[in-house]
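# Observations on chain architecture
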Amino acid sequence: MSLELVPIGTILSVLTNQVLKTAQAATDVLIEKESFKVLSKHLFNIEPVLKELQLQTLNDSQAARRTLEFLEEDVKKANNLVEKYKNRSRFYLLFNCRHIVKEVQEVTRDIGRSLAALSIANTELLTGISDQVNRLQNEMQRVEFEASQSKIKIVDKLNQGINDAILDQGFANDMLEEIAMAVGVPVEPSEISKELENLRKEKEETANRKERAEAFFLEQVIELLSRADAARDFEKVKEQYAQRVQVIERYDTSREYITPLKTFFCPINRTVMIDPVSLCTDTTCERAAIKAWFDRGGRIDPVTGDLLEDFTLRPNLGLRQSIEEWREINYCLKIRSSKEKLLSGEDLSVEEALSQMQDLIRENSINKDWIAIGGLTGIIVSILGSSHNKDVKRNILITLKDVVEGHPRNKEKVVESQGLDHVIPCLGRDSSISKAAVELLYELLQDKSGWNVSICRKLSQTGSAILFLATLLKGPVRESAEKAEKILMKLCDEDEENISRAARADWYKPLIDRIIQGSESSSRISMVRTLVNMELVDQNIMLLGKEGVIPPLLEMVSGNVESQDASLSALVKLSGCHENKELIAADGGVTIIVDLIVSTHTRSTIIARCCEVLEKLTSDDGIKFLVDENGNQLEIEQIIKKLLAFLQSANSSNIVLRPALRALLGICKSGAMFIKTAVLTANGVSLILPLLDGSDPEIREIAINLLSLFTQHEPEGVVEYLFKPRRLEALVGYLENGDKADVQMAAAGLLANLPKSEVSLTMKLIEVEGLNALISILRSGTMEAKENALTALFRFTEHTNLDSQRKVVELGAYPLLVKFLRVGSVTAKARAAALIGNLSTSSPKLAVVSKPARCSCFRSSCVPLCSAHGGICSVITTFCLLEAGALPLLVNLLHDEINATAYEAIQTLSTLVREESPHRGARVLHNADAINPILDILNWGQGSLKEEALLLLEKVFTVREMVENYGSVARLRLVDITGRINNEDGHFRRKAARVLALLDRYSGFDTSSLATGLNG
């Protein structure tokens, strides 16, 4: 029907529908979406213009019909263009993106021009929307579209590769991947096969349209992309391999190579051709070689010498196919040969096979499939697990990496063949094997999207994987460490349990990162619990603090109860390290913990955790770290009082009491002066004593330790407590328990602190074998326990209590005391010397003075008399220090020039020189070479020691013989002392003057004026 007969209203209605249909269809085009999207938008904007004309009753004029006809033709062009490209191959659309964009641009401009003509013809009717119409037609006439730059780059790269005849596998893989990603096609063989099949149809249609240039281009593209790994259909690959295997069955199994036909060689470079092309003379050459021939100016046939009239190069597809078949047959021969060598079990043959396999893969990636189809992959995986040859293992790992690289199917095959089980142990071998193993493992875990989650999960299930990978992080090969870390980080992202496994393998980075950066409280708490449950050495504890885990833990202390418990438990674990104590203090952690302890709203379990942290902070360091974030000392007295207050609370369970007492013990061990005030103010001893009656052995032991410290300041009430039934026996039990050295030491210390005036306690201790226990400590206890036991023995060696002294000696203490003079600590030496002095004080009255013998004939049978005491002495009966062999050791203490030991030694030596008979003791000291070291004390000793030396010298120099032997030396020392002004106190100088006067009595030297001046 002619348009003249169709009502103009109907024409408008049909045109409007055509515009809307085309606008909607334009949105469905898959390539150059932005261009078609703009076209669609403009078409949708034309629809209101046409509707307005319908409403205004468009005049049925020739001009109106002509403008509508032009617009309809242009919209049809647009619709045809949309239909043309809507269902085409996506690859084809990409290759034609420039042309498509130009077509869309031209049709959009044409519609704009037709819209402008329609507007001019109907100006009066479109008055209400004239601005809108003018703006629309202007935009459409001026529109400029450009193809996506990324797509243009891909097309240009493809054209360049085809022009340069680049046919290698790598280029084909790269191009296919880029093209597929650009058009949204998954790089999977099934999807790629569909696209290439669609592209072949496009080529056929192009050929049917006689568009030879485009058809030839598409043929070249298809040939190139078909070489890519992802373009291979696996079933066809298997079929192709089976065909080639049938061919090689006619050859002997020892045959590994078939020589090429002469026609396969390029006449120019004399090598087998890859891309043979024919000249107009029918001579065939390698494309690259003949191009180079032309580039050098060659204008004749390189074989016949004929002048070339046409320089067109025609692909010799038949010859190329023959050459490819020859190559593939040789591939299969080598695969068959490699398989036999692998199965031989001989290391040299296996290595030859591996080398062949690597060469095959380098020559053509199809061999990755054929090697797997031929069963070689499973064989070398098995050899990897059984071989002990490290070169074989390394080469298998390298070969497997070549086999699986970029090949998902082969990766799955290796994993299914228990490959992971054999690869993972190789991570722990020498660096060359571990490097190859981690590179293979990394490749196995990759896929097109990044990480292969399925294989990652399988790797996680292998118990030793994390350990071996974590070990590689510390290895000498940086590349291996980097790959191992990437794998570990991925495994930890996939499964939190792997974070725990990595931490147990001493790699803490993911654990620390989760604790520091963790936003989900449950995940964060889980990671902290992992840290708490780990066995950590000091080095790792310090590392965790250094890596920044302490601030987030302190932050978590302010959270809910679960968060508090987890973070405090972790802080308990970390605060045993000196460096971490500093970090906790510097971050204000101590203040946070103390605030929780003193708060009335804190749960008992949290208080217990806080006390555990406090205990660790004070262990070995006392109150050093009990400071705020600015380093200011906290109110220690208040902390002590609060901890002691837990003892008074009826609600305090042992869960709280134990850590609270341990924390209190750590603070009190610092020995600070204000501790005495705090203990006295809070009646510390009276609060601790009842704990000894409790049922919890640990609390009783801590209580003993605290009492050992508290009774240094407040012994009140302890003696009365011990006299209650079975309590003294319990204390002796602690003295006898050598398995708990600290408790044994504390029990001895407690006894040492109790008043010696309590004789009844002394005798009761002997009765319940407390003395035996103390002497046993002297034999086998720690040095600290021995020192306390020595101090406790003073109550048993008081000269007023001969019975207890005798008991000490009878129980074998004397030889032990003498031994301490030789090998004990300074404190032990000093206390042993003092104890020997106590016993020696009783020696004179215990010595048996014998009557003179009536007949000289009996002298030979007389018992020798003690040179010091003038009677019959022994260790057991008179406690004589000479008989005990203590004298030379006491003299040695003077030579050591240590004030503490020399002071006690001087006092003990003084017991030998009695006022009623000083000559005996003086001679004993003289014979023991003790006088000179005593005089030397006047030079190096401190004040109290010098005074003791002068007192002893005053007794010694009452003996003329001693003055004659030592007077001149002594006089020099004493005159020097008495002549000093203001350097010595008057009391000390007067003592020196008295000794000097004794010297003068026998020498005739008059120093009376000096003595008078000192005394006046």
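The present account deals with the structure reproduced in this document.

Scoring rules and cut-offs
- Residues numbered from 1 in each chain as written.
- Predicted model: local features only at pLDDT ≥ 70, side-chain atom pairs only at ≥ 80, totals over all residues.
- Heavy atoms only, no water.
- Helix = DSSP H or I, 4+ residues; strand = E, 2+ residues; numbered from the N terminus.
- Contact = heavy atoms within 4.5 Å.
- Areas by Shrake-Rupley, 256 points an atom, 1.4 Å probe, with all protein chains shown as cover.
- Lys, Arg positive; Asp, Glu negative; His and termini not counted.
- Charge placed at Lys NZ, Arg CZ, Asp CG, Glu CD.
- Disulfide = S-S within 2.5 Å.
- Pairing = 2+ DSSP bridges.
- Axes fitted to C-alpha atoms, helices over the stretch in contact; angles between N-to-C directions.
- Buried < 20%, exposed > 50% of the residue type's maximum accessible area, 1.4 Å probe, protein only.
- Arc of directions from axis to C-beta.
- Phe/Tyr/Trp six-rings, centres within 6.5 Å; stacked < 30°, edge-to-face > 60°.
- Parallel < 35°, antiparallel > 145°, perpendicular 65-115°, else oblique.
- Left-handed = near helix turned anticlockwise from the far one by under 90°.
- Nonpolar A, V, L, I, M, F, W, Y, C, P; charged D, E, K, R; others polar.
- Salt bridge = Lys/Arg side-chain N within 4 Å of Asp/Glu carboxyl O.
- Core = buried A, V, L, I, M, F, W, Y, C linked by side-chain atoms within 4.5 Å.

So, on to the overall build of the protein. Each helix and strand in the protein was counted, giving 56 helices and five strands. Taking the principal axes of its C-alpha atoms as reference, the protein extends roughly 170 × 85 × 60 Å. Contacts in the protein between residues at least 24 apart in sequence constitute 71% of all its contacts with a sequence separation of at least 6. Carbon and sulfur atoms provide 48% of the accessible area of the protein, an area that totals close to 47500 Å². In the protein, 121 positive and 139 negative side-chain charges are present, and the distance between their average locations comes to 4 Å.

To continue, consider the state of the cysteines. The full count for this structure, using the stated rule, is zero disulfides. With no disulfide of its own, C426 lies closest to C456 among cysteine sulfurs, the gap being 19 Å. C611 supplies the cysteine sulfur nearest to C668, a cysteine that is in no disulfide, at a spacing of 13 Å.

The three strands lie next to each other as 2-1-3, forming an open sheet whose pairing is antiparallel. The strands lining the two open edges of the sheet, one partner per strand, are strand 2 (284-286) and strand 3 (314-315). Summarising the sheet, strand 1 (residues 276-278) and strand 2 pair through three bridges and their orientation is antiparallel. For P276, the partnering residue across the bridge sits in strand 2 and is E286. Across the sheet, helix 12 (residues 287-295) lies against strand 1, strand 2 and strand 3, angled at about 90° from strand 2, the strand it touches most.

So, on to helix 22 (residues 465-473). Within helix 22, the full set of buried residues consists of A465, I466, L469, A470, L472 and L473. Around the axis of helix 22, the buried residues are gathered within 155° of arc, so they sit on the same side. Tucked into the core, helix 22 has its buried residues touching helix 19 (419-426), helix 20 (431-444), helix 21 (453-460), helix 23 (478-494) and helix 24 (496-504).

This brings us to the packing of aromatic side chains. This model, assessed by the stated rule, comprises six aromatic pairs. Geometrically, the ring pair formed by F294 and F311 is edge-to-face, given 5.2 Å between the ring centres and 90° between the ring planes. In this pair, F294 sits in helix 12 while F311 sits in the loop between helix 12 and strand 3, placing the two residues 17 residues apart along the sequence. Residue classification places F311 among the partly exposed positions, given a relative accessible area of 35%. Clustering of aromatic rings is evident, with ring pairs tying together Y257, F264 and W326.

Once that is clear, we can look at the packing of helix 17 (residues 390-404) against helix 20. It is at 9 Å that the axes of helix 17 and helix 20 come closest, and there the two elements cross at 20°. The orientation of helix 17 relative to helix 20 falls into the category roughly parallel. The two elements helix 17 and helix 20 meet at a crossing, and its hand is left-handed. Of helix 20, the residues touching helix 17 (which contributes K390, K393, R394, L397, I398, L400, K401 and V404) are S432, I433, A436, A437, E439, L440, E443 and L444. For the contact of helix 17 with helix 20, the per-class residue count stands at nine nonpolar, one polar and six charged.

For D506, which is not glycine, the phi dihedral falls at a positive 70°. In this structure, D506 sits in the loop between helix 24 and helix 25 (509-517). The backbone phi angle of F879 is positive, close to 60°, even though this residue is not glycine.

Below, the discussion takes up helix 12. Those residues of helix 12 not exposed but buried are R287, A289, I290 and F294. Projected onto a plane normal to the axis of helix 12, the buried residues spread over an arc of 165° and lie on a single side. Among the exposed residues of helix 12, those oriented more than 90 degrees off its buried face are A288 and D295. Of the surrounding elements, those touching the buried residues of helix 12 are strand 1, strand 2 and strand 3. Backbone geometry just after helix 12 places G297 at a positive phi near 100°.

So, on to the pattern of salt bridges. By the definition in use, this model includes 50 salt bridges. The closest approach of N and O atoms between D693 and R727, which form a salt bridge, is 2.6 Å. A residue pair is termed long-range when its members are at least 10 positions apart, and D693 in the loop between helix 36 (684-688) and helix 37 (697-710) and R727 in helix 39 (residues 727-736) qualify at 34 residues. Note that D936 and R973 form a salt bridge whose closest N and O atoms lie 3.2 Å from each other. You can see D936 sitting in helix 52 (residues 931-940) and its partner R973 sitting in helix 54 (residues 960-978), a full 37 residues away along the chain. Using a relative accessible area of 30% as the deciding quantity, one classes D936 as partly exposed.

When you line up the elements, I8 lands in helix 1 (residues 8-26). Separated by 78 residues in the primary sequence, I8 and K86 place their C-alpha atoms 31 Å from one another.

This paragraph deals with the side chain of N367. Among the structural elements, N367 can be located in helix 15 (residues 366-373). Taking relative accessible area as the criterion, N367 reaches 0% and is therefore assigned buried. Once residues lying within four places of it in the same chain are set aside, the contact partners of N367 are Y331, I335, L360 and I361.

Okay, the nonpolar core next. Counting residues in hydrophobic clusters, the biggest one holds 261 residues, and the most contacted among them are L342, L643, I688, F710, L925 and F957. Beyond its immediate chain neighbours, meaning those up to four positions away, I688 contacts L644, L647, L661, A703, L706, L707 and F710. Membership of the second largest hydrophobic core comes to 70 residues, among which are V82, Y85, I100 and V133.

Running from amino to carboxyl end, helix 5 (residues 97-121) crosses helix 6 (residues 130-142) at an angle of 150°, the nearest separation of the two axes being 7 Å. One way to sum up the angle between helix 5 and helix 6 is to call them roughly antiparallel. When the axes of helix 5 and helix 6 are compared, the crossing they make is left-handed. Contact residues: T108, R109, I111, G112, R113, L115, A116 and S119 in helix 5; V133, N134, L136, Q137, M140, Q141 and R142 in helix 6. In terms of residue class, the contact of helix 5 with helix 6 is made up of six nonpolar, six polar and three charged.

Another point: the environment of K411. Inspection of the secondary structure assignment puts K411 in helix 18 (residues 408-416). Through-space distance from the C-alpha of K411 to that of E188 is 15 Å; in sequence the pair is 223 residues apart. Contact partners of K411, with chain neighbours within four places excluded, come to V404, G406, E443, L444, Q446, D447 and I455.

By themselves, these are just geometric observations and shouldn't be taken as functional.
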